[in-house]
Amino acid sequence: CSSDARPMTIGTWIGKYAIVRRVLVGGTATVVHFGTYYALTALSVNYNLAFTVGVALSLAFNFVASSRFTFRTGLSAGRGLRFCGAHAVNYLLSVGLLNLYVRLGVSEYVAPLLVWPVAVPITYLMVRYSLTGGAGRRSEGSDTRKPISE
């Protein structure tokens, strides 16, 4: 063990691993989405409409944060279209599952929580590909893309 090895700080760890950054961005987008969903359903808005509004708000946040922070790719129209395409697939999958669970008798307040474990891994892979064109396949610890500040 080298004596000049510095311990990895939380900031270094977050900066080094895209998956950690994705969890932070995805977690925040999830709070935006479900916060909107639960607030609107509490106001008696139809659960499909509430889900859609939540998706739209979290999508806008998610694109900017995923581009700039998670994958450090910057914003472009092409990436935006691919990102929206990935989320369109996620939306259809999620709404389909939401309606399936509600029709099976699951409460409309619990059903979105059952959608999450199915949709999140699929969406992560599609978003990573849409923003990096597959460059994200390198090992998570070998992030050679430019830092956010450059």
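This is a predicted model, so every value here is computed, not measured. (Residues numbered from 1 in each chain as written. Predicted model: local features only at pLDDT ≥ 70, side-chain atom pairs only at ≥ 80, totals over all residues. Heavy atoms only, no water.)

Draft legend 1. The environment of Val95, seen in detail. With respect to the helices and strands, the residue Val95 is situated in helix α4 (residues 77–103). Judged by its relative accessible area of 15%, Val95 falls in the buried class. A C-alpha to C-alpha distance of 8.9 Å links Val95 and Pro112, two positions 17 residues apart in sequence. In contact with Val95, other than residues within four places in its own chain, are Asn48 and Phe51. (Helix = DSSP H or I, 4+ residues; strand = E, 2+ residues; numbered from the N terminus. Buried < 20%, exposed > 50% of the residue type's maximum accessible area, 1.4 Å probe, protein only. Contact = heavy atoms within 4.5 Å.)

Draft legend 2. Structural detail: a nonpolar patch on the surface. Taken together, the side chains of Leu49, Val53 and Leu57 define a hydrophobic patch exposed on the protein surface, amounting to about 250 Å² of accessible area. Note on placement: Leu49 falls in helix α3 (residues 47–70). (Patch = residues over 30% accessible without salt bridge, like charges linked within 9 Å, V, L, I, M, F, W, Y side chains within 5 Å. Areas by Shrake-Rupley, 256 points an atom, 1.4 Å probe, with all protein chains shown as cover. Salt bridge = Lys/Arg side-chain N within 4 Å of Asp/Glu carboxyl O.)

Draft legend 3. Molecular detail of the nonpolar core. Tyr37, Tyr47, Phe51, Leu98, Tyr101, Ala111 and Val115 are the most contacted members of the largest nonpolar core, which totals 13 residues. When residues of this core are traced back to their parent elements, those giving at least two are α3, α4 and α5 (111–132). Sorting elements by how many residues they give to this core places α4 first, with 5 residues. Residues in contact with Phe51, not counting those within four places in the same chain, are His33, Tyr37, Tyr91, Ser94, Val95 and Leu98. Counting 7 residues, the second-largest nonpolar core is a separate cluster that includes Phe63, Ala86, Tyr124 and Leu131. (Core = buried A, V, L, I, M, F, W, Y, C linked by side-chain atoms within 4.5 Å.)

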